[in-house]
Structure formats: C-alpha cells, structure tokens
Amino acid sequence: MFTERIRRRTLNPAERDLVRAVAADVSSRTPLSFGGDGTTPDVAEIELQCATVAARHGRLDLVVVDYLGLMRGALQRRASGDRQAEIAQVVADLQELATRLNAAVVIVEQLTRAPDLRDDHRPRLEDLCHGEALLGIAETVILLHRPAYYDPKHRTGRYDRTPDPELYPPELFPREGLPEPAVQCAELVVLHNRHSRTGTVEVNVELARARFSDRPSWRSQR
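Residues numbered from 1 in each chain as written. Predicted model: local features only at pLDDT ≥ 70, side-chain atom pairs only at ≥ 80, totals over all residues. Heavy atoms only, no water.

## What to know about the side chain of arginine 118
Position of arginine 118 among the secondary structure elements: in the loop between α6 (114-117) and α7 (131-135). Excluding residues that lie within four positions of it along the chain, arginine 118 makes contacts with Pro123, Arg124 and Asp127. (Helix = DSSP H or I, 4+ residues; strand = E, 2+ residues; numbered from the N terminus. Contact = heavy atoms within 4.5 Å.)

This is the structure in structure tokens:
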C-alpha cells in the first residue's frame, strides 16, 4: 500500500519524485477562504462555495473547517436551542458533504482546559470539545502537543502576532525576546485511526511561521 510505504519511508526514487511533484502542485494552488469576516457559515453555505470552486477548477480535493465550535447548524437545529444536537448535525452534514464532493474534509476543533491541569499536559480524546459528535464519524483524530508550551522559560517575550521578518521588518517590529528555540519539537498524537495504526509522530514546528516539517522518527506506535 502506497501510504504504508510513505509511513515506513521505503519509497523508491521515482515514487519520492511523484510525491514531491504532487506536493508542489498543491502548494501552487490558491485556496479559497471565506468566513474570515466574522460570519459563521453553515454547511449549506460552505457547499455552495465548494461547488463554485469545483466548477471553476474541475474538482475540489480538500475542505478545512476552522473551527467546528464556530459552525452554525441548519435553522431548525438552531431554533431548538440544543447546541450539542446542532453540532452533531453539523458534523453529520460535513460527512455527507465529503461524500458528495469526493473530497477530504478536515475539521479543526478546540480542546478543553483539561490538559493544562494534568502533570504531563498530554491531550486525550475526552479533551475534545464536541468529541462525542466527532468520534462517531471521524476517520482519524490527530491532536497537537507541544511540550515547550508548558515550559515557563518559553512563555516569556511573546507577541500577539508573528515575528516573521517578511511581514514585519525589524525596524517596525522589535525582535528581542523571541521564544527560543525558534524551531521546537511538537507531536501529532494520532489517538483514533479507523483504518490504520495509532501512535505519536514527532515533528518540528517553526514558531515564527506556525509551519510544521518532518522529523524522521517515530516515538511510539501501537
């Protein structure tokens, strides 16, 4: 299986070239983003926008919902006043949308404050807000964990916007006191995977750009 060979890093040179070509093609495309104006679209509005993109480009491969807690359900669900039922319907509608579009749908969701209260701070499935609605449908659940976030020495000198020098030149934005190191270790904690393995993948994260990159090691798998 191709994805298994990717995971085990056993691709031959031709396959690696293919992966790079596909990644470059995806990176060159301009994503459609909406809802950033303070509105909270419902699934019907998202589907309408997706249909526009699919008609323009011939297909749509990926939809990212950021984040579930901001989503609105259909009018009748909102009128019921039952937010849990409304969110559950949103998740079910997004699953149906993925099927109709033949596209992957990635749902971003927040965690509760529970990890902050535990000694190891590691996230768990039960920490997911609206986890009950998600776990019944999700193919895979990946939680993010950055241990340095909880280290006091990395919590000083932070700014409320990125110190990316391409966006904020040094003369306009002071760069002293930036968190160290600029690239830290983070973990993609795969706690639910309907068709394959679970485990923890260590990655690098560049704080100034919120950019993740490969780190060639598996810390654990089960």
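## Side note on the environment of leucine 68
Relative to the assigned elements, leucine 68 resides in the loop between β1 (62-66) and α4 (75-80). Given the relative accessible area of 0%, leucine 68 is considered buried. For the pair formed by leucine 68 and histidine 130, sequence separation is 62 residues and the distance between their alpha carbons is 8.5 Å. Residues contacting leucine 68, with those up to four places away along its chain left out, are Arg83, Ile87, Val90, Val91, Ile107, Val108, Glu109, His130 and Leu134. (Buried < 20%, exposed > 50% of the residue type's maximum accessible area, 1.4 Å probe, protein only.)

## A few points about the pattern of salt bridges
According to the stated counting rule, one finds eight salt bridges in the structure shown. Among the salt bridges present, the one from aspartate 127 reaches arginine 118, with a minimum N-O distance of 2.4 Å. Looking at arginine 118, the relative accessible area reads 15%, which means it is buried. Salt bridges here are not isolated pairs; linked through shared partners, they connect Glu47, Glu96 and Arg100. (Salt bridge = Lys/Arg side-chain N within 4 Å of Asp/Glu carboxyl O.)

## Some points on the nonpolar core
Among the nonpolar cores identified, the biggest contains 16 residues, and Val43, Ile46, Leu68, Met71, Val90, Val91 and Leu94 are the most heavily contacted of them. Secondary structure elements with two or more residues in this core: α3 (43-57), β1, α5 (83-101) and α7. Residue contributions to this core peak at five residues, all from α5. Grouped together as the second largest cluster of nonpolar side chains are five residues, Leu128, Ala138, Val141 and Val189 included. (Core = buried A, V, L, I, M, F, W, Y, C linked by side-chain atoms within 4.5 Å.)

## Overview of the layout of surface pockets
For the largest pocket, the calculated volume is near 1,800 Å³. The wall of the largest pocket is formed by 38 residues, among which Ile107, Val108, Glu109, Ile142 and Leu144 lie closest to the centre. Mapped onto the lining of the largest pocket, the elements with two or more residues apiece are α5, β2 (104-108), α6, β3 (140-145) and β4 (183-193). Here the lining of the largest pocket gets six residues from one element, more than from any other, and that element is β3. Taken together, the residues of the lining of the largest pocket sort by class into 26 nonpolar, six polar and six charged. (1 Å grid on protein atoms, 1.4 Å probe; cavity = no way out; pocket = protein on both sides within 12 Å on 5 of 7 lines; lining within 4 Å. Points joined across faces, edges and corners; volume = space filled by probe spheres on them. Nonpolar A, V, L, I, M, F, W, Y, C, P; charged D, E, K, R; others polar.)

## Re the pairing of β4
Summarising the sheet, β3 and β4 pair through six bridges and their orientation is antiparallel. Each residue of the ladder has a partner; that of histidine 145, found in β4, is glutamate 187. Relative to strand β5 (residues 199-206), β4 runs antiparallel, the two being bridged by eight bridges. Residue pairing in the sheet places leucine 188 in a bridge with valine 201 of β5. Counted between consecutive antiparallel strands, the loop separating β4 from β5 contains five residues. (Pairing = 2+ DSSP bridges.)

In short, shape yes, function no, at least from these values alone.
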